[in-house]
Amino acid sequence: MDFSNAPIEIENLPKLDDTELKLISRKYLNVIVINTLIVYVVLFSLLISAKLISDDVAIQQYFWYPFFSILGIMLLNIVLVVLAFHKRKYAVRDHDVIYSKGLLVNSVTTVPISRIQHIEASRSWLARQFGLATLNLFTAGESGSDLSIKGLPEVEAKQINDFISGKVNGN
Amino acid sequence: METNEFSEPIRQSSKGIIIIFGVNCFQFVKRFFVLFIAFGVSLFRKSSFANLSPTILVLILIGIVLLVFVYAVLKYLNFKFHLVGEDFHLSTGILNKDNTIIPKSKIQNVYIKQNFLQQIINVVSLKIETAGDNKSEIEINALDKPKALRLKKLLFSKRTTDGVGSEVNDEEVDDVFFRASVKRLLLEGISQNHIKSFAIIASFVFGLYYEFEDFLVEFGIGEQIENAVSINEESVSTIMISIIFITIFVLLISMVFSVVRTFIVNFNLEVVEHQKTVEINKGLFNKISLSLTPSRIQNLVIKTNRLKKYLGLYTLSVKQAMTDKKQQKNFVIVALEREQLNYLVNRFLSDYSLIKDKYKPENYYLRILALDMFILTFILHIPAVLVFGYNFWILTLVMLPFMAIYIFMVYRKAYYSVSDNAVTIGSGFIDTTTNILEIHKIQAVKLKQSIFQKRRRIASVVISTASKSVTISYVKEGTAKNIYDYLLFLVESQDRDWM
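Chemist: Honestly, the interface of chain A and chain B in this entry has me stumped. Any pointers?
Modeler: Much of the literature gives interface size as the accessible area that the parts lose upon coming together. Every contact between the two is made by 32 residues of chain A and, on the other side, 38 residues of chain B. Roughly 3,200 Å² is buried in total at the junction of chain A and chain B, and carbon and sulfur atoms are behind 57% of that figure. Across the chain A-chain B interface, the total number found is one salt bridge. Across the chain A-chain B interface, the total number found is 11 residue pairs in polar contact (both at pLDDT 80 or more). Examining the composition of the side of chain A that touches chain B, we find that eight residues originate from one element, strand 4 (residues 105-112) of chain A, more than from any other. Partitioned by chemical class, the residues of the side of chain A that touches chain B number 14 nonpolar, 11 polar and seven charged. Of the strand pairs in this sheet, strand 4 of chain A and strand 18 (residues 444-450) of chain B are connected by six bridges, and their pairing is antiparallel. Residue T110 of chain A lies in a different strand from strand 18 of chain B, and its bridge partner there is V445 of chain B.

Written out as structure tokens, the structure reads:
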């Protein structure tokens, strides 16, 4: 049941497996962790303020149950986020851009450069503090075929941006 | 380009006032529908509304109608369009003047439509769709049909420098390729998936019920229904009989609904072949005419089911790039015969060869299907336990064969095939669906794999075009990677435009 087709030797095609995918900047892990922490800080502060303000016996008595469950979920979430971070990889080849992500469900998306409509580099406030940028590649397809590579070093984002822009406009 | 009847700014046909007026009145009534009902009910009850006498109310109504009419006239007077060289100009707006200029090259599609009112006064509306977001479309409400056709032709005609080829008249090679007969449309309606029709009716009835809940309560209809239901609650056999009766009734209604809907939407369905494009004409109350350009077609979806296959009925949906969702559903040709279908597919996709090698997904797919069904059954059991108590196993008994048939059918119909110019993917449960896309239309390719699949070395390939994504599900990891590399190689090496 293996796939084959006569005139082109599958073996000689450029292979996904032969392409070495690069990890995004390690600094981006800080951004992810901070973003995750912000959510939990908000949750915890809500919980604690409820304990301080409310006179409800139930909240006073059972305070530690939600506290520890949120703490547990937070730790699990951070572990997953850190593990998943090492799956965020990318590569720019002559004719396409590859981006891979996801721990539980891993996906490797490739967009041919000839199909890119436009490209933009954006930088959030937090990412700027670490000198990082996000590269967004837009295709004509549905949103599912757009690529967004987060956490690239600014210099590299600019280089890739220039390289792809040159190719897109050159056509 | 030499001067033509559109080179000076002109208004649409003066009948346009009636159309604008009609459309605005309709929108007005639709928006305040609930208010009107409330109005009627309280008039009926107290012969007054918010302390206003009926005479004043009628006067207010006449005033509103007059206002809408004046608005329509002004809108008509301020709506002018013309063609200058390669650009289409349109100026609109009563107070805020808008001037829109569209280069011909940016025009994606031109539709000619005719709603019920337009049919009565014998005009058509012309809709121009451009690439870009959904809002950027233009509609000219009232044009004489010949004029609309001439404008459409001018909008589509490209400036030709050599001048020789441009005179080939598209109209001359007109050939009505397919015309759906009344009999075939009826068959098409009957053999449809009635569950879908039922869902539409049910949602409509529920929507209506919630909208008018208060009024129904006021009239005591609710109580009457409840009384009627409580009588039937006397014995189990009456329940069974009434359930069977209701099921048959609902089925019948759904069937009639399907037939009527198919008939209204596809009345006089015609497929006309031009030299470069294929035109679809259809509709009873809303007549529409659409042109399909093969180069813009991204995906083809063929649908049939067991019954339809037997009757020789195939449905072809054409997915074009950048058409809005509402228009998308009009690009459907129903009741095609097998040969006609094959001919059209070949017309739309240059040298699409019939698939020789069909490959099946791995057995892992069966496991996924079974898991899906298991979760569904589990969720369904929660209300069942609440309603039937210990007798919930009745549901299990009903669900088991359904689950088995579902898993069996879905797996049996799933296949994929990759040739050097097209990808074909089959799927479906009751329907048999075939998705076809040309490889040079691919926008992105994605390899998907969960950690469970990684252990078993199984993966899926998601292929996106400009109009939709299709998935080759659960094949061996090596095969998936081969397909992935192969598709990318073809897209990148051919350097063909996707549009």
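The structure having been displayed, the exposition proceeds.
Chemist: Explain helix 6 (residues 182-190) of chain B to me, please; I cannot follow it from the model alone.
Modeler: Along an α-helix, residues three or four apart share an orientation, since each turn contains 3.6 residues. Of the residues making up helix 6 of chain B, those classed as buried are R184, L185, E188 and G189 of chain B. With its buried residues spanning 140° around the axis, helix 6 of chain B presents them on a single face.

Chemist: Explain the pattern of salt bridges here, please?
Modeler: Side chains that carry opposite charge are capable of pairing whenever their charged atoms lie near each other. Residue and element names in this part refer to chain B. Under the criterion given, the structure shown has 13 salt bridges over all chains. One salt bridge in this structure joins E337 and R184, with 3.6 Å as the shortest N-O distance. On the criterion of sequence distance, the pair formed by E337 in the loop between strand 14 (332-336) and helix 13 (338-348) and R184 in helix 6 is long-range, its members being 153 residues apart. Under the relative-accessibility criterion, E337 is labelled partly exposed at 33%. What makes R184 buried here is its relative accessible area of 15%.

Chemist: Would you take a moment to explain the packing of aromatic side chains for this structure?
Modeler: Two aromatic rings are characterised by how far apart their centres lie and by the angle between their planes. Going through the model one piece at a time under the given rule, you end up with 20 aromatic pairs over all chains. Three or more aromatic residues link up through ring pairs in this structure, and these residues are F44, F63, W64, F67 and F68 of chain A. Over the face of the ring belonging to Y415 of chain B we find K358 of chain B, whose NZ or CZ atom lies 4.4 Å from the ring centre. The ring centre of Y411 of chain B lies 4.8 Å from the NZ or CZ of K360 of chain B, which sits over that ring.

Chemist: Just to check I follow, could you spell out helix 13 of chain B for this structure?
Modeler: Burial in helix 13 of chain B covers these residues: Q340, L341, L344, V345 and F348 of chain B. Looking straight down helix 13 of chain B, one finds its buried side chains confined to an arc of 135°; they lie on one side.

Chemist: Where do I start with the confidence of the model for chain B in this structure?
Modeler: Confidence in the prediction of chain B, expressed as mean pLDDT, is 81, and 86% of residues score 70 or more. Counting interchain partners and residues more than four positions distant, the pLDDT-below-50 stretch residues 159-172 of chain B has nine contacts.

Chemist: Can you help me understand the packing of helix 1 (residues 28-53) of chain A against helix 3 (residues 64-85) of chain A in this one?
Modeler: The description of two packed helices rests on the angle between their axes and on the distance between the axes. All names here are of chain A. For the pair helix 1 and helix 3, the least separation of the axes is 10 Å and the interaxial angle reads 170°. By the criterion of interaxial angle, the relationship of helix 1 to helix 3 is roughly antiparallel. Two secondary-structure elements touch here, helix 1 through Y28, L29, I32, T36, L37, Y40, L43, F44 and L47 and helix 3 through P66, F67, I70, L71, I73, M74, N77, I78, V81, V82 and F85. In terms of residue class, the contact of helix 1 with helix 3 is built from 18 nonpolar, two polar and no charged.

Chemist: Explain the nonpolar core here, please?
Modeler: As a rule of thumb, nonpolar side chains are buried together in soluble globular proteins. In this structure, L300, L316, I333, V345 and F348 of chain B are the most contacted members of the largest nonpolar core, which totals 33 residues. At the level of elements, strand 8 (175-179), strand 10 (278-282), strand 11 (287-292), strand 12 (297-305), strand 13 (314-320), strand 14 and helix 13 of chain B are the ones that each hand at least two residues to this core. Once residues lying within four places of it in the same chain are set aside, the contact partners of V345 of chain B are L300, I302, L316, Y352 and I436 of chain B. Formed by 30 residues, the second largest nonpolar core is a distinct cluster that contains L16 of chain A together with I425, I439 and I442 of chain B.

Chemist: Looking at this structure, I do not really get the sheet that holds strand 5 (residues 116-122) of chain A. What am I missing?
Modeler: Sheets are built from strands that pair by backbone hydrogen bonding, the pairs being arranged parallel or antiparallel. All names here are of chain A. Reading across from one edge, 5-6-7 is the order of the three strands in this open sheet, with antiparallel pairing throughout. With one partner strand each, in any of the chains shown, strand 5 and strand 7 (147-153) form the two edges of the open sheet. The average undirected angle you get between the axes of adjacent strands in this sheet is 20°. Of the strand pairs in this sheet, strand 6 (residues 132-139) and strand 7 are connected by five bridges, and their pairing is antiparallel. Paired with L132 across the two strands is P153, which belongs to strand 7.

Chemist: Looking at this structure, I do not really get the pairing of strand 12 of chain B. What am I missing?
Modeler: On any regular strand, side chains alternate: one points to one face of the sheet, the next to the other face. All names here are of chain B. Counting buried residues along strand 12, eight of its nine residues qualify, which places the element largely inside the surrounding structure. Sheet analysis places strand 12 next to strand 17 (residues 431-438), joined by seven bridges and oriented antiparallel. From the neighbouring strand, L300 faces strand 17, where its bridge partner is I436.

Chemist: Can you help me understand the environment of L437 of chain B in this one?
Modeler: All names here are of chain B. The topology assignment puts L437 in strand 17. Taking the C-alpha atoms as reference points, L437 and L349, 88 residues apart in sequence, are found 8.6 Å from one another. Once you skip the residues sitting within four places of it in the chain, L437 turns out to touch Q298, N299, N421, A422, V423, I442, I463, T465 and V470.

Chemist: Just to check I follow, could you spell out the environment of V271 of chain B for this structure?
Modeler: Residue and element names in this part refer to chain B. Here V271 is to be found in strand 9 (residues 270-273). Taking the C-alpha atoms as reference points, V271 and S291, 20 residues apart in sequence, are found 9.7 Å from one another. Not counting the four nearest positions on each side in its chain, V271 is found in contact with D175, V176, F177, F178, V278, E279, I333 and L344.

Chemist: Is there a simple way to explain the side chain of N305 of chain B in this structure?
Modeler: All names here are of chain B. Along the chain, the position of N305 falls in strand 12. On the basis of relative accessibility, which here comes to 6%, the residue N305 falls in the buried class. A polar contact of 3.2 Å, which involves the side chain of N305, links it to the backbone oxygen of S191. Within the structure, N305 has its side chain in polar contact with the backbone nitrogen of L307 (distance 3.2 Å). Contact partners of N305, with chain neighbours within four places excluded, come to S191, I430, D431 and T432.

What counts, and at which threshold
- Residues numbered from 1 in each chain as written.
- Chains lettered and ligands numbered in written order.
- Predicted model: local features only at pLDDT ≥ 70, side-chain atom pairs only at ≥ 80, totals over all residues.
- Heavy atoms only, no water.
- Contact = heavy atoms within 4.5 Å.
- Buried area = accessible area lost by both parts, 1.4 Å probe.
- Salt bridge = Lys/Arg side-chain N within 4 Å of Asp/Glu carboxyl O.
- Polar contact = N/O pair within 3.5 Å; in protein donor to acceptor, adjacent residues only side chain to side chain.
- Helix = DSSP H or I, 4+ residues; strand = E, 2+ residues; numbered from the N terminus.
- Nonpolar A, V, L, I, M, F, W, Y, C, P; charged D, E, K, R; others polar.
- Pairing = 2+ DSSP bridges.
- Buried < 20%, exposed > 50% of the residue type's maximum accessible area, 1.4 Å probe, protein only.
- Arc of directions from axis to C-beta.
- Phe/Tyr/Trp six-rings, centres within 6.5 Å; stacked < 30°, edge-to-face > 60°.
- Lys NZ or Arg CZ within 6 Å of the ring centre and 35° of its normal.
- pLDDT = per-residue confidence, 0-100.
- Axes fitted to C-alpha atoms, helices over the stretch in contact; angles between N-to-C directions.
- Parallel < 35°, antiparallel > 145°, perpendicular 65-115°, else oblique.
- Core = buried A, V, L, I, M, F, W, Y, C linked by side-chain atoms within 4.5 Å.

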